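Residue-level structure breakdown
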Amino acid sequence: VDPGALVLPGAPPAARPPALDGSGETLAAIRADLGDCTRCKLCAGRKNIVFGTGNPTAPLLFVGEGPGAEEDVQGEPFVGAAGQLLNRMIAAMGFARQDVYIANVVKCRPPGNRNPEPDEIAVCSPFLLRQVGSVRPKVIVTLGKFAAQTLLATEAPVGTLRGRLHPFVVAGESISLMPTYHPAYLLRTPSMKKVVWEDLQVVMAELAKLGVQAPSPPGP
Ligand code: SF4
């Protein structure tokens, strides 16, 4: 039933409720709806909500896990050591950081960098889905297990999900999603960079197939 059609005769016109998938919403409207969020217990220890950053119509969208200490202070995702590596990965694909959009599954730092818990992911991830629906990227790259498992609704490990594109439906559109390892893991296990580069090459081929040209010639 179209909720916009449920208007009683004589009632004043009501504002149409926002779509739950982000379609037609601006990122600013989603951020305003998030407000000074206290919807889950992660609000207690945060310094800043880390909403997301980048091009609001980016063809390529990265999703990480949650803010770390540096991100919590600066209010921006992927600004620490893992962020520097992500920037290099993005550059190797021929893009600049401002060309893509970057967000996380949870927007407040889990204490002591612990993993986000299921109740926190359940409450926060609808905002991520609305961001994805607003940006409508051509391809999504998930970084680490929480992003992949949340968006693909699976408990499978990254090792079995990575290497191929998965369909992810948002706002009635199927978007190609590539799960790969988190840059923080790559900092601890540099030998896996080669595997991630293979995943990113699949993403670049998909973008080219969809008519998206990287601004700079890509290369490792
Ligand atoms: S993690 Fe998300 S749901 Fe929880 S307080 Fe922060 S913004 Fe709100």
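A brief report on the enclosed structure follows.

Parameters at a glance
Residues numbered from 1 in each chain as written. Predicted model: local features only at pLDDT ≥ 70, side-chain atom pairs only at ≥ 80, totals over all residues. Heavy atoms only, no water. Salt bridge = Lys/Arg side-chain N within 4 Å of Asp/Glu carboxyl O. Helix = DSSP H or I, 4+ residues; strand = E, 2+ residues; numbered from the N terminus. Buried < 20%, exposed > 50% of the residue type's maximum accessible area, 1.4 Å probe, protein only. Core = buried A, V, L, I, M, F, W, Y, C linked by side-chain atoms within 4.5 Å. Contact = heavy atoms within 4.5 Å. Axes fitted to C-alpha atoms, helices over the stretch in contact; angles between N-to-C directions. Parallel < 35°, antiparallel > 145°, perpendicular 65-115°, else oblique. Left-handed = near helix turned anticlockwise from the far one by under 90°. Nonpolar A, V, L, I, M, F, W, Y, C, P; charged D, E, K, R; others polar.

1. Overview of the pattern of salt bridges
As enumerated under the stated definition, the model contains 14 salt bridges in all. Between Arg114 and Glu117 there is a salt bridge, and its shortest N-O distance comes to 3.7 Å. Asp199 is the salt-bridge partner of Arg162, the closest N and O atoms lying 2.8 Å from each other. Residue Arg162 is found in the loop between helix H6 (158-161) and strand S5 (166-170), and its partner Asp199 is found in helix H8 (residues 193-209); the two are separated by 37 residues along the sequence. Asp199 matches Arg162 in its accessibility class, with the two residues each being buried. Counted as one network, the salt bridges with shared partners bring together Lys41, Arg114, Glu117, Asp119 and Glu120.

2. Description of the nonpolar core
Counting residues in each nonpolar core, the largest one holds 33 residues, and the members touching the most others are Val63, Tyr101, Val132 and Ile140. Taken together, the elements giving at least two residues each to this core come down to helix H1 (27-34), strand S2 (60-64), strand S3 (101-104), helix H4 (118-135), helix H5 (145-152), S5 and strand S6 (173-180). Element by element, the count of residues in this core is highest for H4, at 6 residues. Residues contacting Val63, with those up to four places away along its chain left out, are Ala103, Asn104, Val105, Leu128, Ile140, Val141, Thr142, Leu143, Ala147 and Leu151.

3. Considerations on the packing of H1 against H4
Orientation of H1 relative to H4, taken along the N-to-C sense of each, is 165°, at an axis distance of 9 Å. The angle between the axes of H1 and H4 places the two elements in the roughly antiparallel class. Viewed along their axes, H1 and H4 form a crossing whose handedness is right-handed. Of the residues in H4, those in contact with Leu27, Ile30, Asp33 and Leu34 of H1 are Phe127, Arg130, Gln131, Ser134 and Val135. Residue composition of the contact of H1 with H4, grouped by class: 5 nonpolar, 2 polar and 2 charged.

4. As for the packing of H4 against H5
At a minimum axis distance of 11 Å, the contact between H4 and H5 shows a crossing angle of 80°. Looking at the two axes, H4 sits roughly perpendicular to H5. Facing H4, whose interface residues are Ile121, Ser125, Leu128 and Leu129, H5 presents Phe146, Thr150 and Leu151. Of the residues belonging to the contact of H4 with H5, the class tally is 5 nonpolar, 2 polar and no charged.

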